[in-house]
Amino acid sequence: MKRREFIIAMTAAAFLPSKSAFSATDADVMTVYKDPNCGCCTLWADAYKKAGYRVEVVKERDLISLKTKLGVPLDIQGCHTAVYRGQFLEGHVPLEAARMLESRSDLTGLAVPGMPAGSLGMGDDPSASYDVIAVGKDGKTAVFLEVRPKA
């Protein structure tokens, strides 16, 4: 390499961001798998983006296989599936539940079965009423959070 090429290369490298300039790792990216034709999934993902999450949306036609691989029980499957820091968020899981999940390494994920009216991405109505279900590493489920109208 000639001296001039070396100087140009070093100057260019000085302006590239270092790894430490990026605060998030790949694990900090929430990957949302959704049917290509679904709009509410996009609204849900947008709400997480607005809340500060790094979100990548992947259009997936075979969601059933993905849900099975992640251990989402058939009876509580929802509209879309997100993976964040090794845990899943199934369906219209509200932000507050996702934040609570971050400290629960005993759980594989959370689910909001079906598509409840008023849930995040489905109108985000404060008068909505639905349950967020936790899925343990053993596959057992239990109510994690009751979302009820705010008084």
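Relevant structure appears above.
Quick notes on the rules
- Residues numbered from 1 in each chain as written.
- Predicted model: local features only at pLDDT ≥ 70, side-chain atom pairs only at ≥ 80, totals over all residues.
- Heavy atoms only, no water.
- Helix = DSSP H or I, 4+ residues; strand = E, 2+ residues; numbered from the N terminus.
- Buried < 20%, exposed > 50% of the residue type's maximum accessible area, 1.4 Å probe, protein only.
- Areas by Shrake-Rupley, 256 points an atom, 1.4 Å probe, with all protein chains shown as cover.
- Polar contact = N/O pair within 3.5 Å; in protein donor to acceptor, adjacent residues only side chain to side chain.
- Contact = heavy atoms within 4.5 Å.
- Pairing = 2+ DSSP bridges.
- Arc of directions from axis to C-beta.

Caption draft 1: Spatial organisation of the overall build of the protein chain. From N to C terminus, the protein chain includes four helices and seven strands. Reading the secondary structure of the protein chain in the N-to-C direction produces α-β-α-β-α-β-β-α-β-β-β. The burial tally for the protein chain puts 40% of its 151 residues in the buried class. Of the accessible surface of the protein chain, which amounts to about 9,100 Å², a share of 56% is contributed by carbon and sulfur atoms.

Caption draft 2: Quick look at the side chain of Glu90. Looking at the secondary structure, you find Glu90 in strand β4 (residues 87–91). Side-chain polar atoms of Glu90 contact the side chain of Thr81, separated by 2.5 Å. If we skip the residues at most four places from it in the chain, Glu90 touches Lys67, Val72, Ile76, Gln77, Gly78, His80, Thr81, Leu110, Ala111 and Val112.

Caption draft 3: How the structure looks around the pairing of β4. Within β4, five of the five residues are buried, which leaves it mostly tucked inside the rest of the structure. Where strand β3 (residues 81–84) meets β4, four bridges bridge the pair, whose relative direction is antiparallel. Its bridge partner lying in β4, Thr81 is registered against Glu90. With antiparallel pairing between neighbouring strands as the criterion, β3 and β4 make up a hairpin whose turn holds two residues, including Arg85 at a positive phi of roughly 55 degrees.

Caption draft 4: Local environment of unusual backbone geometry. Its identity as a non-glycine residue notwithstanding, Arg85 has a phi of 55 degrees, on the positive side. Among the structural elements, Arg85 can be located in the loop between β3 and β4. Here Arg85 falls in the partly exposed class, since its relative accessible area comes to 45%.

Caption draft 5: Region of the structure containing helix α3 (residues 63–70). Within α3, the full set of buried residues consists of Leu63, Leu66 and Lys67. Seen along its axis, α3 keeps its buried residues to an arc of 95 degrees; they face one direction. The exposed residues of α3 that point more than 90 degrees off its buried face are Ile64, Thr68 and Lys69. Turning to α3, the residues buried within the fold contact β1 (29–34), β3 and β4.

Caption draft 6: Main features of helix α2 (residues 40–50). Buried within α2 we find Cys40, Cys41, Trp44, Ala45, Ala47 and Tyr48. Along the axis of α2, the buried positions cluster into a sector of 155 degrees, meaning they face one direction only. For α2, exposure combined with an orientation more than 90 degrees from the buried face picks out Leu43 and Lys50. Backbone geometry just downstream of α2 places Gly52 in the positive-phi region, at approximately 105 degrees.

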